[in-house]
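One-letter residues, chain by chain:
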Amino acid sequence: MPLMEHLRELRNRLVKALLAIIVVTIVAAFFYEDIGRFLVHPVCDLKDVKGTGVTKCGQGVLVQQGVLSPFSMALKISLATGIIAASPIWLYQMWAFLAPGLHKHEKKYSLAFVGVGVPLFLGGAYFSYWILPHALQVLLDFTLADASNQIQLDDYLNFVIRMVVVFGIACELPLVLIMLNIGGVVTAKQLASWWRWVVMGIFVFGAVATPTTDPLTMILLSIPITILYGIALIVAWINDRRRGKRREEVLGADLDDDEASVLDTSVRPVERPSAVGDDSGPGSATRVDDIT
């Protein structure tokens, strides 16, 4: 299609995705109290939290300030729910726009990566929600003995969203490594040689990206990612072996991507050229040579 047709299709895809998010957001607005109750449940699990002065959720642990704060909080919860719940629709619109430009095998790999990436992200998000009470307990334990700590609901929701996003994206690391391996960018041998730097980078990422400052939360994030890195290394090794067997069948030797095949340097005699006869027959005067 010409450029304008592509732009029109992109506009239509974006409009459909936006409409899906708006519709789901409106539906979520009717259930925002139930959704908010689910989000604040980790706080309600805390018992005798230092600095709160209460033992039950809703009696001063979470507070909202301002007349517009409840309304803006309802909008934020509904919009976040709409974006997450409508993700299959707007991801499909993105896929439908890109799919015509992909080959058959590229479509197969793309669908496989999406099918694996979504469960990995959801698993990381659920894991962050599971350890959230521990993270809150550690952070609130730093409250001074004579101080009273009241948690702003807006800050708490930002904290939860950051935890979910960080843990979800971190679990996509092995999928990225497998994509690079299938694309021929890195090999399993290279990934294995980088393991010390990769593990150190995982722990540094866990220390910097997590909202908490305690080492236990960093370890709880870093150890699963390290295990997923080992799984990605095994998958890359299997893929390299399969690729090596196919290369051996086609080229007759197990060669690396940057290794040249063996050249045939044997010398064979070349036949002497035959002389071209002098054509002086009729019509030769009107004949022209190639350059003419």
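Residues numbered from 1 in each chain as written. Predicted model: local features only at pLDDT ≥ 70, side-chain atom pairs only at ≥ 80, totals over all residues. Heavy atoms only, no water.

A. Representation of the confidence of the model for the chain within the structure. Per-residue confidence for the chain averages 76 on the pLDDT scale, and 77% of its residues sit at or above 70. Taken together, the stretch residues 50-55 has pLDDT below 50 and engages in 18 contacts with residues farther than four places along the chain or on a different chain. (pLDDT = per-residue confidence, 0-100. Contact = heavy atoms within 4.5 Å.)

B. Fine view of the nonpolar core. L62, L132, L153, Y156 and M163 are the most contacted members of the largest nonpolar core, which totals 36 residues. Elements with a minimum of two residues in this core: α4 (69-85), α6 (104-140), α7 (153-170), α8 (173-182), α9 (188-193) and α11 (215-251). The element that contributes the greatest number of residues to this core is α7, accounting for nine residues. (Core = buried A, V, L, I, M, F, W, Y, C linked by side-chain atoms within 4.5 Å. Buried < 20%, exposed > 50% of the residue type's maximum accessible area, 1.4 Å probe, protein only. Helix = DSSP H or I, 4+ residues; strand = E, 2+ residues; numbered from the N terminus.)

C. Fine view of the pattern of salt bridges. Inspection of the entire model under this criterion finds four salt bridges. E5 is the partner of R8 in a salt bridge, and the nearest nitrogen-oxygen pair spans 3.1 Å. Residue R8 and its partner E5 are both found in helix α1 (residues 3-29); the two are separated by three residues, about one turn of the helix. A relative accessible area of 34% places E5 in the partly exposed class. The residue R13 makes a salt bridge to E9 at a minimum N-O spacing of 3.8 Å. On the criterion of helical spacing, the pair formed by R13 and E9 is a turn pair, its members being four residues apart in helix α1. (Salt bridge = Lys/Arg side-chain N within 4 Å of Asp/Glu carboxyl O.)

D. Layout of the packing of α4 against α7. Where α4 meets α7, the axes come as close as 11 Å, and the angle between the chain directions of the two elements is 15°. With respect to α7, the element α4 is oriented roughly parallel. The crossing of α4 and α7 is left-handed. Between α4, through M73, K76 and I77, and α7, the contact on the second element is made entirely by L153, D154, L157 and N158. Partitioning the contact of α4 with α7 into residue classes produces four nonpolar, one polar and two charged. (Axes fitted to C-alpha atoms, helices over the stretch in contact; angles between N-to-C directions. Parallel < 35°, antiparallel > 145°, perpendicular 65-115°, else oblique. Left-handed = near helix turned anticlockwise from the far one by under 90°. Nonpolar A, V, L, I, M, F, W, Y, C, P; charged D, E, K, R; others polar.)

E. Molecular detail of α1. Here α1 spans 39 Å end to end across 27 residues, near enough to the 39 Å set by a 1.5 Å rise per residue. Taken together, the buried positions of α1 are occupied by E9, A17, A20, I21, T25 and A28. (Expected span 1.5 Å × (residues − 1).)

F. Here's a closer look at α8. Regarding α8, the residues found buried are P174, L175, L177, I178 and N181. Projection of α8 onto a plane perpendicular to its axis shows the buried side chains occupying an angular sector of 160°, all on one side. A positive phi of about 80° marks G184, the residue just after α8. (Arc of directions from axis to C-beta.)

G. Representation of a nonpolar patch on the surface. Judged by side-chain polarity, V15, L18, L19, I22, V23, I26, V27, F30 and F31 come together as a nonpolar surface patch covering roughly 890 Å² of accessible area. Here L19 shows up in helix α1. (Patch = residues over 30% accessible without salt bridge, like charges linked within 9 Å, V, L, I, M, F, W, Y side chains within 5 Å. Areas by Shrake-Rupley, 256 points an atom, 1.4 Å probe, with all protein chains shown as cover.)

H. Highlighting the packing of α4 against helix α5 (residues 87-98). Their axes nearest at 5 Å, the elements α4 and α5 cross at an angle of 50°. Of the possible angle classes, the one that applies to α4 and α5 is oblique. Every residue of α5 that contacts α4 at I83, I84 and A85 is listed here: S87, P88 and W90. When grouped by side-chain class, the residues that make up the contact of α4 with α5 number five nonpolar, one polar and no charged.

I. Focus on the packing of aromatic side chains. Across all of its chains, the model carries three aromatic pairs by this definition. With a centroid separation of 4.8 Å and an interplanar angle of 10°, the aromatic rings of F38 and Y129 are classed as stacked. With a gap of 91 residues between them, F38 in helix α2 (residues 32-39) and Y129 in helix α6 connect regions that are remote in the sequence. Relative accessible area serves as the criterion here: at 48%, F38 is assigned to the partly exposed category. When the ring of F127 is compared with that of W130, the centres are 5.8 Å apart and the planes differ by 35°; the resulting orientation is tilted. Here F127 and its partner W130 are both found in helix α6, three residues apart, which amounts to about one turn of the helix. You can call W130 exposed: its relative accessible area is 55%. (Phe/Tyr/Trp six-rings, centres within 6.5 Å; stacked < 30°, edge-to-face > 60°.)

J. Looking closely at a positive patch on the surface. Residues K104, K108, R242 and R246 make up a contiguous surface patch of positive charge. Broken down by secondary-structure element, the contributors of at least two residues to the positive patch are α6 and α11. By relative accessible area, K108 is classed as exposed at 54%. (Lys, Arg positive; Asp, Glu negative; His and termini not counted. Charge placed at Lys NZ, Arg CZ, Asp CG, Glu CD.)

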